[in-house]
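Single-letter residue listing:
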Amino acid sequence: MFIWLVASGLTLIFGVLGVLNFAHGSFYMLGAYFCFTVLRHLGANFWIGLLLGPLFVCAVGYVVERFFLRRVYHLALPYQLLLTFAFVLIFDNLVKIVWGAGSLSPPKLDIFGGAVPILGRKFPAYNLFIIAVGPLVALGLGLMIDKTWWGRIIRAASSDREMASALGVRVPVLFTSVFVFGCWLGAIGGGLAAPYVGIMTPGMGETIIIEAFIVAVIGGLGSLKGAFLGALIIGVLSAFGTRYFPTFDMFLIFILMAAVLLWRPQGLFGGAR
Amino acid sequence: MKNRIASILLTTLVLAVLVCIPLVSGRFTVYLAMRVMLLGIFAVGYNLLLGQTGLLSFGHGAFYAAGAYGMGFFWLHLSPHPLLGIAAGILAAALLALLIGFFCVRHTEIYFAMLTLAFGMMVFSLIWNVRGITGGDDGLVGIMRDPITFFGLVKIPIQKDTQYYYLILSLFVLAVWVVRRIRISPFGLVLAGIRENTRRMEFAGVSVRNYRLAVFVLSGAFAGLAGSLEAMLESNARPFMAHWTHSGDPILVSLLGGLHTLTGPLVGSLIFVAMREIVQRFTENWMLWFGVVLLVIIMGFRGGVVGVVRQLAEKARGPRGG
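Residues numbered from 1 in each chain as written. Chains lettered and ligands numbered in written order. Predicted model: local features only at pLDDT ≥ 70, side-chain atom pairs only at ≥ 80, totals over all residues.

K.L.:
Help me out: how do you make sense of the overall build of chain B in this one?
P.N.:
Check the secondary structure of chain B and you find 14 helices and four strands. Whereas a compact globule of 322 residues would reach a radius of gyration of roughly 20 Å, chain B reaches 20 Å, a difference of no more than 12%. Taken along the three principal axes of its C-alpha coordinates, chain B extends 65 × 50 × 45 Å. With 322 residues in all, chain B has 46% of them scored as buried. Put simply, of all contacts in chain B between residues at least 6 apart along the chain, 75% involve residues at least 24 apart. (Helix = DSSP H or I, 4+ residues; strand = E, 2+ residues; numbered from the N terminus. Rg over C-alpha atoms; globule rule 2.2 N^0.38 Å. Buried ≥ 20, exposed ≤ 12 C-beta atoms within 10 Å, placed from the backbone. Contact = placed C-beta atoms within 7 Å.)

Quick look at the structure:
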């Protein structure tokens, strides 16, 4: 489900801006770190951390888009990819400087400490909470894109940038806001994931970004529904993969990704755009 | 004409310096020079794909690893002859590139990059997980540098670093020369045409897909050469050679030096290795500074270092008539 949050931001940014953001994993990582820094220094309320932490990440994302990314939209693809890659290097290292190279363990959460029995088995409450959050965010995003004014503009700009701009949409501002929103999703993912995974390391962004790429690609780059289903598929597949073919779990996933790219490059659920 | 003389002079000078390095400097410099040349081979071959044809691959680490492991297996199971081992490494990398490229060249742009990334990581996870054959995360260790023999007649030892240095140097010069020939050959011109205008090349009767595949295999072979040489230099082959972060190295290097030139990746390799060593003296966080430099290059100097130097040279020469 964290992968879904990261992948949704990634796919949203790609769908609207046309930029594949390598730095998205770093936003996820920053989200986790910021959340728990807030937690540690401003008293121990998880919700406030989850609210404030991603806001910091949004500010970082704003700077990245407004002052750097915006100037390379007209350039060839390698430059855009490498620009975000440069930010991966910078962020990973900054995190190392600020929080140390070792792994940190986020404080345990009291509210979700217990376990809930379902069908005779006990499930940790926090896991259930996360399982609930994923579909809720999906639902909210879907409603936002389909029903609201902002969502309509996003759809318009992603299907025809020039036309939208001719009709009076301020595309650069929209791009910035979508990018910042995508960062927020990634950061929320990081903030939620940290207590579940139990450790935070400066390299955590690099691991998640590849998985998020896979999810976004399988579902279809730019398609939110696809990203959600892609995350489910990958989750189930990797669970079964680890259970039955422990040697080949990652291998299987990459095979799936390559196969999808070959047969349906627009993704399993991406419409023909 | 003046330009030509200057470039010949410069080439001779660089060669002379490279030949003299082991004679005058310490072991560490020799080692660094070898790393620069390995990265140079990797990047100059890779740049055939990125700079010349305009395809961005994120999976060339896989071919690098194929070279290293190909060399390693050959050494372990067949014969300790270094040149044959290198040939085996190149062959392994080229075959792998043929297989992967066959699928990848169907797409371009972002999908090509993603596909190469997927295949590259597939190779990485295979190497990582099949412990019985590849040694898992330990890699293949203990690859020795046996002397090069020709039918038992001539014996050239390469055991010492200074001796091995000359093997790398000669292969490096050979590789750069070959790439140079490819770039100015009709084949290379077609590749540049594909970069500039794919559709027009198709109309001109060029089978774009086959050309893409050919250059993919070629650049894979160069990666294999670099990989097999590194396997001998470090006497091991590691799974992280195939990881996508390693595939990023030649891209960074090409960009650093200058994308569409032959000298760009070479200058870039020199700067990359030198920067890593120098900055590491002062701070652990060299990647941060590297990221910043990368940022500056992308934002301001897209010709890379070579581009900037060329501009300066032209400015110094003054405005030319015509």
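The discussion continues.
K.L.:
Hey, could you run me through the interface of chain B and chain A in this one?
P.N.:
In many analyses, interface size is given as the accessible surface area lost on bringing the parts together. Contacts between chain B and chain A engage 31 residues on the former and 34 residues on the latter. At the level of secondary structure, the elements contributing two or more residues to the side of chain B that touches chain A comprise α5 (109–129), α11 (244–257) and α13 (286–300) of chain B. Among the elements that take part in the side of chain B that touches chain A, α5 of chain B stands out by supplying 12 residues, more than any other. For the side of chain B that touches chain A, a count of residues per class yields 23 nonpolar, six polar and two charged. (Nonpolar A, V, L, I, M, F, W, Y, C, P; charged D, E, K, R; others polar.)

K.L.:
What is the right way to look at the packing of helix α3 (residues 60–78) of chain B against α11 of chain B in this model?
P.N.:
The geometry of a pair of packed helices is captured by two quantities: the angle between their axes and the separation between those axes. All names here are of chain B. The contact between α3 and α11 brings their axes to 7 Å, and the two run at 100 degrees. Judged on the interaxial angle alone, α11 and α3 are roughly perpendicular. Within the contact between the two elements, α3 uses His60, Gly61 and Tyr64 and α11 uses Trp244, His246, Ser247 and Pro250. Across the contact of α3 with α11, the residue classes break down as three nonpolar, four polar and no charged. (Axes fitted to C-alpha atoms, helices over the stretch in contact; angles between N-to-C directions. Parallel < 35°, antiparallel > 145°, perpendicular 65-115°, else oblique.)

K.L.:
Can you help me understand the nonpolar core in this one?
P.N.:
A general tendency of soluble globular proteins is for nonpolar side chains to be buried together. In terms of nonpolar packing, the biggest core is built from 183 residues, with Met257 of chain A together with Ala65 and Ala118 of chain B touching the most fellow members. Dropping the residues within four chain positions of it, Ala118 of chain B is found in contact with Phe254, Met257, Ala258 and Leu261 of chain A. (Core = buried A, V, L, I, M, F, W, Y, C linked by C-beta atoms within 7 Å.)

K.L.:
Looking at this structure, how should I read α3 of chain B?
P.N.:
Each α-helix winds once per 3.6 residues, and so residues spaced three or four apart point in a common direction. Helix length check: α3 of chain B (19 residues) gives 26 Å between terminal C-alpha atoms against 27 Å at 1.5 Å per residue, within 8%. Burial runs high along α3 of chain B: 15 of the 19 residues are buried. (Expected span 1.5 Å × (residues − 1).)

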